[in-house]
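# Breakdown of the fold
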Amino acid sequence: MPSLRPEIDYFRHEITTEWESGENIDTIHTLSLGNNVKASKRTIERQLAQWGLSSCPPLENPDDIFTLVRDMVLYYGLNDNTIFRARAKRGIEISAKTLERLRTKNGIKR
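Note that the structure is predicted; figures quoted are calculated from it, not measured. (Residues numbered from 1 in each chain as written. Predicted model: local features only at pLDDT ≥ 70, side-chain atom pairs only at ≥ 80, totals over all residues. Heavy atoms only, no water.)

### A closer look at the nonpolar core
Judged by nonpolar contacts, Ile65, Leu68, Val69, Met72, Val73, Ile83, Ala86, Ile92, Ile94, Leu99, Leu102 and Ile108 together constitute the single largest core of twelve residues. Counting only elements with at least two residues in this core, the list comes to helix 5 (62–74), helix 6 (80–89) and helix 7 (96–105). At five residues, the largest contribution of residues to this core is made by helix 5. Formed by eleven residues, the second largest nonpolar core is a distinct cluster that contains Ile15, Ile28, Ala39 and Ile44. (Core = buried A, V, L, I, M, F, W, Y, C linked by side-chain atoms within 4.5 Å. Buried < 20%, exposed > 50% of the residue type's maximum accessible area, 1.4 Å probe, protein only. Helix = DSSP H or I, 4+ residues; strand = E, 2+ residues; numbered from the N terminus.)

### Considerations on the packing of helix 2 (residues 12–20) against helix 3 (residues 25–34)
Between helix 2 and helix 3, the least distance of the axes is 10 Å, while the angle of their chain directions is 155°. By the angle between their axes, helix 2 is roughly antiparallel relative to helix 3. Where helix 2 crosses over helix 3, the two elements pack in a sense that is right-handed. Contact residues: helix 2 offers Ile15, Glu18 and Trp19, while helix 3 offers Ile25, Ile28 and Leu31. For the contact of helix 2 with helix 3, the class distribution of residues is five nonpolar, no polar and one charged. (Axes fitted to C-alpha atoms, helices over the stretch in contact; angles between N-to-C directions. Parallel < 35°, antiparallel > 145°, perpendicular 65-115°, else oblique. Left-handed = near helix turned anticlockwise from the far one by under 90°. Contact = heavy atoms within 4.5 Å. Nonpolar A, V, L, I, M, F, W, Y, C, P; charged D, E, K, R; others polar.)

Rendered as structure tokens:
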């Protein structure tokens, strides 16, 4: 599939390097404007996805998170909202949508 904005391809290395070093979309957008790339933040996000770079950082240890979610559902009967709040208290950084996907993908039913 062709690039959404051809000029982004010229700066692919710089954009991916910044993304992989932990820079956020706002910073990358500002840098791209400095290189005269006229693309919105959303276009940069889509282009990163097209290049195979996730918009979310990888989970630290998915097995531990899976075990935590499984135990909270099966042993304590908690729903997604309660699990989402509990994981935040434990310092686990995942979105509510990721939590739902993790649960449904692994067949954990409430």
